[in-house]
Amino acid sequence: MSERYAYFTLQERDIDESLEARLSAFSVIVYNTSIPPERMIDVRRRLPFSILLGYINAGEINFPPDREPEWEYAKEVKETFPARALWKKLNGYGVSFYTGPDGRATTSHYSLTPEAIRWQVERSVERIRSGGASGVYVDDLSSYLPPFRIRQIEAWGGIDANGDGVADTAHEIAAFYTDANPVLSWAIRKAWPEAIIIGNSGVGRIDHALNGISLESAFAAAKYRASFDFAHSPTFGIAWCENPIELASARAVLGISSDLKERVLIGQYGNGMEIVPGSNRA
Ligand SMILES: [Ca+2]
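Not measured: the values here are computed from a predicted model.

Trainee: Give a detailed account of the packing of helix α4 (residues 114–130) against helix α6 (residues 170–191), specifying residues and quantitative values.
Mentor: For the pair α4 and α6, the least separation of the axes is 10 Å and the interaxial angle reads 30°. Accordingly, the angle class assigned to the pair α4 and α6 is roughly parallel. Along this stretch, α4 crosses α6, giving a crossing that reads as right-handed. Residues Ile117, Gln120, Val121 and Val125 of α4 form the contact with α6, whose own contacting residues are Ala180, Val183, Leu184, Ala187, Ile188 and Ala191. Here the contact of α4 with α6 is composed, by residue class, of nine nonpolar, one polar and no charged.

Trainee: Can you tell me about α4, naming the residues and giving the values?
Mentor: Given 3.6 residues per helical turn, the α-helix brings residues three or four places apart onto the same face. If you check α4, its first and last C-alpha atoms are 24 Å apart, about what 17 residues at 1.5 Å a residue would give, namely 24 Å. Among the residues making up α4, those that are buried are Ala116, Ile117, Gln120, Val121, Ser124, Val125, Arg127 and Ile128.

Trainee: Just give me the short version of the environment of His232, but keep the residues and values in it.
Mentor: As for its position among the elements, His232 is in the loop between α7 (221–228) and β11 (237–241). The class for His232 is partly exposed, based on 17 C-beta atoms found within 10 Å. The sequence separation of His232 and His208 amounts to 24 residues, and the corresponding C-alpha distance is 5.3 Å. The residues contacting His232, other than those within four sequence positions of it, are His208, Ala209, Leu210 and Asn211.

Trainee: Would you mind going over the pairing of strand β3 (residues 51–57) in detail, with residue names and values included?
Mentor: The buried count for β3 comes to seven of seven residues, which makes it a mostly enclosed element. Both faces of β3 are covered, namely the face carrying Ile51, Leu53, Tyr55 and Asn57 and the face carrying Leu52, Gly54 and Ile56. Pairing between strand β2 (residues 26–31) and β3: four bridges, direction parallel. Its bridge partner lying in β3, Ile29 is registered against Leu52. Read as a crossover between parallel neighbours, the route from β2 over helix α2 (residues 37–46) to β3 is right-handed. Alignment of β3 against strand β7 (residues 135–139), held across five bridges, turns out to be parallel. For Asn57, the partnering residue across the bridge sits in β7 and is Asp139.

Trainee: Which residues make up the nonpolar core, and what values do they have?
Mentor: One finds Val28, Val30, Leu53, Val136 and Ile197 to be the most contacted residues of the largest nonpolar core, which totals 62 residues. For Ile197, the residues in contact, after removing those within four places along its chain, are Gly135, Val136, Val138, Ser185, Ile188, Arg189, Ala209, Leu210 and Asn211.

Trainee: An account of the packing of helix α5 (residues 147–155) against α6 is requested, with residue identities and associated values reported.
Mentor: It is at 9 Å that the axes of α5 and α6 come closest, and there the two elements cross at 140°. As summarised for this structure, α5 and α6 are arranged oblique, according to the angle between their axes. Read as a crossing pair, α5 and α6 show a hand that is right-handed. Every residue of α6 that contacts α5 at Ile150, Ile153 and Glu154 is listed here: Ala170, Ile173 and Ala174. Per-class residue counts for the contact of α5 with α6 are five nonpolar, no polar and one charged.

Rules and cut-offs
- Within every chain, residues take consecutive numbers counted from 1 along the sequence as written.
- A pLDDT threshold of at least 70 governs which residues receive local features in this predicted model, and a stricter bar of 80 or more applies before side-chain atom pairs are shown or counted, although totals over entire chains, interfaces and linings include all residues.
- Angles here are taken between N-to-C directions and fall from 0 to 180 degrees, while the axes themselves are lines fitted to C-alpha atoms, restricted in helices to the stretch in contact.
- Here a helix means four or more residues in a row that DSSP labels H or I, a strand means two or more in a row labelled E, and each is numbered from the N terminus.
- Here is the rule for angles: anything less than 35 degrees is roughly parallel, anything more than 145 is roughly antiparallel, 65 through 115 is roughly perpendicular, and the remaining ranges are oblique.
- If you view the pair so one helix is near and one far, a crossing is left-handed when the near helix is turned anticlockwise from the far one by less than a right angle, and right-handed when it is turned clockwise.
- Contact between two residues is assigned whenever their backbone-derived C-beta positions fall within 7 Å.
- Throughout, the ten residues Ala, Val, Leu, Ile, Met, Phe, Trp, Tyr, Cys and Pro are labelled nonpolar, Asp, Glu, Lys and Arg are labelled charged, and all others, Gly among them, are labelled polar.
- The span one expects for a helix is its residue count, reduced by one, times 1.5 Å.
- Burial is judged by counting other C-beta atoms within 10 Å of a residue's own C-beta: 20 or more means buried, 12 or fewer means exposed, and anything between counts as partly exposed, with every C-beta placed from the backbone.
- By the convention used here, strands pair only if DSSP detects at least 2 bridges between them.
- Crossover handedness is defined by viewing with both strands directed away from the observer: a clockwise path from the first strand over the helix to the second marks the crossover as right-handed.
- For this analysis, nonpolar core means a set of buried Ala, Val, Leu, Ile, Met, Phe, Trp, Tyr and Cys residues linked through C-beta atoms within 7 Å.

Structure, rendered in structure tokens:
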């Protein structure tokens, strides 16, 4: 079987006369959900054999509460997201786990409350489906709160993740996080039963609501195998590679098992340095 590829992420400016020439070889294309659904209908028609997945993020809500949004989509986010559902520091500001290239906090704010999950599904699923896409790519869908975030929460003296005005400890938030992630993946599955749902888990993840996971390192083929045993059908995974060394490693590691290779796509970042709504990839 020939190698198959995944692409991250299609931007609106990529939709030009060279679209087919550049992207028709990709089996999976993750796209920026700020692209209007009517434009994605055109992409769907022009790339009929690609699995198109709309990007959302499990926890990062990307909107600038203190200045005017730069995109129409961000405006919609700012106007419709229930701000009380944000994870907040004790001084009331929303939690942002990432800083931009200039060292300042990004416009992303973190939230995985039931209210935020409901908002995410109601806002995103119909928008993505109406654009003719095959499903949803859920970034930041890790089973565990990453250690760097736990350290940040401890440094902040705890944050309020459940909106009761009282600080929650890092360990309480870690447990909340692990519980909340499958609530989101199952909510998407329930809203769109036939969707292809890929979760970017970073590390291995067992989640029957997902069709598969993507890893941001090419060195963990065994974790793909474990996730496949439980994943929704049809099942596949993506190994995102950021440079030629990772790409060569992915080919070598995934090539060890031919049956595994059939179900794992080698992923490429296109103009992946762009900030997309909800993305931490600045
Ligand atoms: Ca609290």
